[in-house]
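Survey of secondary and tertiary structure
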Amino acid sequence: MAELRTAVSRLRRALAGHPAEFPDRAIAEDELAALDAMAAGGAPEIPRLRRSLLLVAGAIGSVSALSTALTEVRSAVELFRETPPSPPGVA
């Protein structure tokens, strides 16, 4: 959780400091807030984490100045993996 919160915080700061306006900036800001809330709330829903990551990436993916911070968020989200279901008969 700490890695995700740190990465999200860095990207939020980088986005806030980026002078250019772009059409999907509000989407990126909203989804970063959602990612931060999920990380602060404990065990986040993995599909929701991934959805938020995709929305953030789509919103700011073309802004090269934010690419390093975005990569850190992606790496932090990838640390959360869904555990595969147990085979039948195995508890």
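Everything that follows concerns the structure shown earlier in this document.
Below is a summary of the structure that appears in this document. This is a predicted model, so every value here is computed, not measured.

**Let's talk about the overall build of the protein chain**
Secondary structure assignment for the protein chain yields 4 helices and 0 strands. Within the protein chain, buried positions represent 35% of all 91 residues.

**Remarks on helix α3 (residues 46-60)**
The α-helix advances 3.6 residues per turn, and as a result positions three or four apart in sequence lie on the same side. Across its 15 residues, α3 extends 21 Å between first and last C-alpha, which sits within 8% of the 21 Å expected from 1.5 Å per residue. The set of residues buried in α3 consists of I46, L49, S52, L53, V56, A59 and I60. One side of α3 holds all its buried residues, which, seen down the axis, span an arc of 155°. Seen from the buried face of α3, the exposed residues on the opposite side, beyond 90 degrees, are P47, L54 and G58. Summarising the contacts, the buried residues of α3 are in contact with α1 (2-17), α2 (25-40) and α4 (67-78).

**Topic: the environment of L54**
When you line up the elements, L54 lands in helix α3. When the C-alpha positions of L54 and E31 are compared, they lie 9.4 Å apart, and in sequence the two are 23 residues distant.

**Examining the pattern of salt bridges**
Summed over the entire model, instances satisfying the criterion amount to 7 salt bridges. Here D36 makes a salt bridge to R12, at a shortest N to O gap of 3.5 Å. Of this pair, D36 sits in helix α2 while R12 is found in helix α1, placing the two residues 24 residues apart along the sequence. R12 gets classed as partly exposed once you look at its relative accessible area, which sits at 34%. Close ionic contact of E21 with R25 constitutes a salt bridge, the shortest N to O distance being 3.9 Å. When salt bridges with common partners are traced through the structure, they connect R5, R12 and D36 into a single cluster.

**Thoughts on the packing of α2 against α3**
Orientation of α2 relative to α3, taken along the N-to-C sense of each, is 155°, at an axis distance of 9 Å. Considered as vectors, α2 and α3 are oriented roughly antiparallel to each other. Here α2 runs over α3; the crossing is left-handed. Along the contact surface, α2 presents I27, A28, E31, L32, A34, L35 and M38, while α3 presents R48, L49, R51, S52, L55, V56, A59 and I60. Its residues assigned to classes, the contact of α2 with α3 shows 11 nonpolar, 1 polar and 3 charged.

Thresholds applied
- Residues numbered from 1 in each chain as written.
- Predicted model: local features only at pLDDT ≥ 70, side-chain atom pairs only at ≥ 80, totals over all residues.
- Heavy atoms only, no water.
- Helix = DSSP H or I, 4+ residues; strand = E, 2+ residues; numbered from the N terminus.
- Buried < 20%, exposed > 50% of the residue type's maximum accessible area, 1.4 Å probe, protein only.
- Expected span 1.5 Å × (residues − 1).
- Arc of directions from axis to C-beta.
- Contact = heavy atoms within 4.5 Å.
- Salt bridge = Lys/Arg side-chain N within 4 Å of Asp/Glu carboxyl O.
- Axes fitted to C-alpha atoms, helices over the stretch in contact; angles between N-to-C directions.
- Parallel < 35°, antiparallel > 145°, perpendicular 65-115°, else oblique.
- Left-handed = near helix turned anticlockwise from the far one by under 90°.
- Nonpolar A, V, L, I, M, F, W, Y, C, P; charged D, E, K, R; others polar.

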